[in-house]
Amino acid sequence: MQWRNRETGYGLVAIGLHWLVAVAVIGLFALGWWMVELTYYDPWYRQAPAIHKATGVLLFLVLTARLLWRWLNPSPRPLGKPWERRAASVVHGAFYLLLFALMIAGYLISTADGSAIDVFGLFSVPATISDLPDQEDIAGDVHRWLAWTVIGLAVLHALAAFKHHLFDRDDTLRRMLRPAASRR
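Residues numbered from 1 in each chain as written. Predicted model: local features only at pLDDT ≥ 70, side-chain atom pairs only at ≥ 80, totals over all residues. Heavy atoms only, no water.

Draft legend 1. Looking closely at a negative patch on the surface. A surface patch of negative charge is lined by Asp113, Asp131, Asp134, Glu136 and Asp137. Take Asp134: it is sitting in the loop between strand S2 (123-125) and helix H4 (135-168). Residue class for Asp134 comes out exposed when judged on its relative accessible area of 51%. (Patch = residues over 30% accessible without salt bridge, like charges linked within 9 Å, V, L, I, M, F, W, Y side chains within 5 Å. Areas by Shrake-Rupley, 256 points an atom, 1.4 Å probe, with all protein chains shown as cover. Salt bridge = Lys/Arg side-chain N within 4 Å of Asp/Glu carboxyl O. Lys, Arg positive; Asp, Glu negative; His and termini not counted. Charge placed at Lys NZ, Arg CZ, Asp CG, Glu CD. Helix = DSSP H or I, 4+ residues; strand = E, 2+ residues; numbered from the N terminus. Buried < 20%, exposed > 50% of the residue type's maximum accessible area, 1.4 Å probe, protein only.)

The structure is reproduced here in structure tokens:
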């Protein structure tokens, strides 16, 4: 198996990190959407936000690792027309920017009262910024809008991958589904 990227395709690490981030983002979005409707007497009222926060912290770490891996291990040669390659570059940059901003907003919501974020009992992230005027409300609004923006961008990203696969018949999607073959 090929761990590192090649000019012709992604390696196992890049593929694994991509799909781990994708599943986590979609799962966090679904959990967040569901948990805001919970009432005080619902048994998940405290547990769902705790899972959401802890998973968000872990996603921050995974996304940081993914960015580092991308920096240390350049992506394969891009496919598509020049404008598609430029658009893909802009979208990937926007994903990183939006996801980090989304997680920072989530951190500001979670720590507004000065409480640390417990990450499944493994460690906690201390509150370094708290007691700003309307911190929880403002960060909550930003978090919600960023989450919807990320999901919208993810839908466009997936549609573009399917367009490449079904209409252009190139390897754009296949390269993110299986590691590049090693040359012998």
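So that's the structure; there's more coming.
Draft legend 2. Fine view of helix H3 (residues 82-110). With 29 residues, H3 extends 42 Å between its outermost C-alpha atoms, agreeing within 8% with the 42 Å of an ideal straight helix rising 1.5 Å per residue. Within the sequence span of H3, burial applies to Glu84, Phe95, Tyr96, Leu98, Leu99, Phe100, Leu102, Met103, Ala105, Gly106, Tyr107 and Ser110. (Expected span 1.5 Å × (residues − 1).)

Draft legend 3. Quick peek at the packing of aromatic side chains. Overall, the coordinates contain 7 aromatic pairs when judged by the stated rule. With 5.9 Å between their ring centres and 70° between their planes, Trp34 and Trp44 make a pair best called edge-to-face. Residue Trp34 is found in helix H1 (residues 12-35), and its partner Trp44 is found in the loop between H1 and helix H2 (47-72); the two are separated by 10 residues along the sequence. You can call Trp34 partly exposed: its relative accessible area is 40%. What links up through ring pairs into an aromatic cluster is the set Phe29, Trp33 and Trp148. (Phe/Tyr/Trp six-rings, centres within 6.5 Å; stacked < 30°, edge-to-face > 60°.)

Draft legend 4. Layout of the packing of H2 against H3. Contact pair H2 / H3: the axes reach a minimum separation of 10 Å and the direction vectors enclose 150°. On the basis of the axis angle, H2 is roughly antiparallel to H3. Taken as a pair, H2 and H3 cross one another with a handedness that is left-handed. Contacts from Lys53, Gly56, Leu59, Phe60, Leu63, Thr64, Arg66, Leu67 and Arg70 of H2 reach H3 at His92, Tyr96, Leu99, Phe100, Met103 and Ser110. Classifying every residue of the contact of H2 with H3 gives 8 nonpolar, 4 polar and 3 charged. (Axes fitted to C-alpha atoms, helices over the stretch in contact; angles between N-to-C directions. Parallel < 35°, antiparallel > 145°, perpendicular 65-115°, else oblique. Left-handed = near helix turned anticlockwise from the far one by under 90°. Contact = heavy atoms within 4.5 Å. Nonpolar A, V, L, I, M, F, W, Y, C, P; charged D, E, K, R; others polar.)

Draft legend 5. Structural context of the pattern of salt bridges. Overall, the coordinates contain 5 salt bridges when judged by the stated rule. Glu7 is the salt-bridge partner of Arg77, the closest N and O atoms lying 3.7 Å from each other. Of this pair, Arg77 sits in the loop between H2 and H3 while Glu7 sits in the segment before H1, placing them 70 residues apart in sequence. According to the relative accessible area criterion, Arg77 is partly exposed, its value standing at 41%. Taking the relative accessible area as the measure of exposure, Glu7 reaches 53% and is therefore exposed. Ionic pairing is found between Asp168 and Lys163, a salt bridge with its closest N-O pair at 2.5 Å. Residues participating in the shared-partner salt-bridge network are Glu84, Lys163 and Asp168.

Draft legend 6. View of H1. Helix length check: H1, at 24 residues, gives a terminal C-alpha distance of 34 Å against a target of 34 Å (1.5 Å per residue), a fit within 8%. Within the span of H1, buried status applies to Ala14, Ile15, Leu17, His18, Val21, Ala24, Val25, Leu28, Phe29, Leu31, Gly32 and Met35. Buried positions along H1 lie against H2, H3, H4 and helix H5 (172-175).

Draft legend 7. Geometry of the confidence of the model for the protein. A residue-level look at the protein finds 98% of positions with pLDDT of 70 or above and a mean pLDDT of 93. When pLDDT is averaged over each helix and strand of the protein, the minimum, 88, is found for H5 and the maximum, 98, for S2. (pLDDT = per-residue confidence, 0-100.)

Draft legend 8. Structural view of the nonpolar core. Val25, Leu59, Leu63, Leu99 and Val150 are the most contacted members of the largest nonpolar core, which has 19 residues in total. The set of elements that each furnish at least two residues to this core consists of H1, H2, H3 and H4. Considering each element in turn, this core owes the most residues, 7 residues, to H3. Each residue touching Leu99, except ones within four places of it in the same chain, is listed here: Val21, Val25, Leu63 and Val150. Among the nonpolar cores identified, the runner-up in size contains 5 residues, and Ala54, Val57, Ile117 and Val119 belong to it. (Core = buried A, V, L, I, M, F, W, Y, C linked by side-chain atoms within 4.5 Å.)

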